[in-house]
Amino acid sequence: MTKPVFVYVTYIATTPEKLWDALTEGEFTEKYFFGSRVESEWKEGSDVTYSRNGEVTDYGKILKCEPHKLLSFTWTYKGDDTPRQSPTIVTFELHPLNTTVKLTLTHENLLESDIVEDNHTFEGFNNGWPAVISNLKSFLETGQTLPAVSI
């Protein structure tokens, strides 16, 4: 049986260096990732954590780290009590196109329950990631995040 995979592609008017910094520096992620601060040594095998208000919400291990090009790590949501054989995997691929960067986010090793077929929620990776990546794009292109949305 094939496990669901979520892929999201966007184009951002920025440089690979600025996009990489936004993905890997906590002071940036807190701004567009709804208060989540990322921390890691950014080396293969090192831990990666996302925290809100000083409490870890998500964590994993770095699988691949090629600055300005590719970042892949396991992803475990601390509040998820769904039985899993292995953690999910998030990969960010950065591809420069002149003054634009194509960002491809792939979240794999998912379960059917990780996809929420409701357009009026941020629940499910298919609803949460587009909100985060849209906020990231707005932040890098304008210096401002999107206004808070309540759905």
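The shown structure was predicted, so the numbers you read here are calculated from the model rather than taken from an experiment.

Cut-offs used in this document
- Residues numbered from 1 in each chain as written.
- Predicted model: local features only at pLDDT ≥ 70, side-chain atom pairs only at ≥ 80, totals over all residues.
- Heavy atoms only, no water.
- Pairing = 2+ DSSP bridges.
- Helix = DSSP H or I, 4+ residues; strand = E, 2+ residues; numbered from the N terminus.
- Core = buried A, V, L, I, M, F, W, Y, C linked by side-chain atoms within 4.5 Å.
- Buried < 20%, exposed > 50% of the residue type's maximum accessible area, 1.4 Å probe, protein only.
- Contact = heavy atoms within 4.5 Å.
- Axes fitted to C-alpha atoms, helices over the stretch in contact; angles between N-to-C directions.

Asker: So what exactly am I meant to see when it comes to the pairing of strand β7 (residues 100-108) here?
Answerer: Each regular strand shows side chains that alternate between the opposite faces of the sheet. Across seven bridges, the pairing between strand β1 (residues 6-12) and β7 is antiparallel. By the bridge assignment, V7 is partnered in β7 with T106. As judged from the nine bridges shared by strand β6 (residues 88-97) and β7, these two strands associate in the antiparallel manner. Note on β7: the bridge partner recorded for L97 is T100. In sequence, β6 turns back onto β7 through a hairpin of two residues, with N98 there showing a positive phi of about 60°.

Asker: What is the right way to look at the nonpolar core in this model?
Answerer: If you look at soluble globular proteins, the nonpolar side chains tend to sit buried side by side. F73, F92 and W129 are the most contacted members of the largest nonpolar core, which has 29 residues in total. Breaking this core down by element, the ones donating at least two residues are β1, α1 (16-24), β3 (47-52), β4 (55-66), β5 (70-77), β6, β7 and α3 (125-142). Considering every element that reaches this core, the biggest residue donor is α3, with five residues. Apart from residues no more than four positions distant in its own chain, F92 is found in contact with L23, K69, L70, L71, F73, L103, T104, L105, W129 and I133.

Asker: Help me out: how do you make sense of the pairing of strand β2 (residues 37-40) in this one?
Answerer: Of the strand pairs in this sheet, β2 and β3 are connected by four bridges, and their pairing is antiparallel. By the bridge assignment for β3, E39 is matched with T49. As consecutive antiparallel partners, β2 and β3 are separated by six residues, and within that stretch W42 has a phi angle of approximately 55°, a positive value.

Asker: What exactly am I supposed to notice about unusual backbone geometry here?
Answerer: Leave glycine aside and you will find that most residues have negative phi; peptide bonds, for their part, are mostly trans. Look at N98: it is not a glycine, yet its phi comes out positive at around 60°. Relative to the helices and strands, N98 resides in the loop between β6 and β7. Under the relative-accessibility criterion, N98 is labelled exposed at 82%. Its identity as a non-glycine residue notwithstanding, N109 has a phi of 65°, on the positive side. Within the secondary structure layout, N109 lies in the loop between β7 and α3.

Asker: Honestly, the sheet that holds β6 in this entry has me stumped. Any pointers?
Answerer: Adjacent strands of a sheet pair through backbone hydrogen bonds, lying either parallel or antiparallel. Strand order in this open sheet of seven strands is β1-β7-β6-β5-β4-β3-β2, and the pairing throughout is antiparallel. Lying at the two open borders of the sheet, with one neighbouring strand each, are β1 and β2. Each strand of the sheet is rotated relative to its neighbour by a mean of 25°, with strand direction disregarded.

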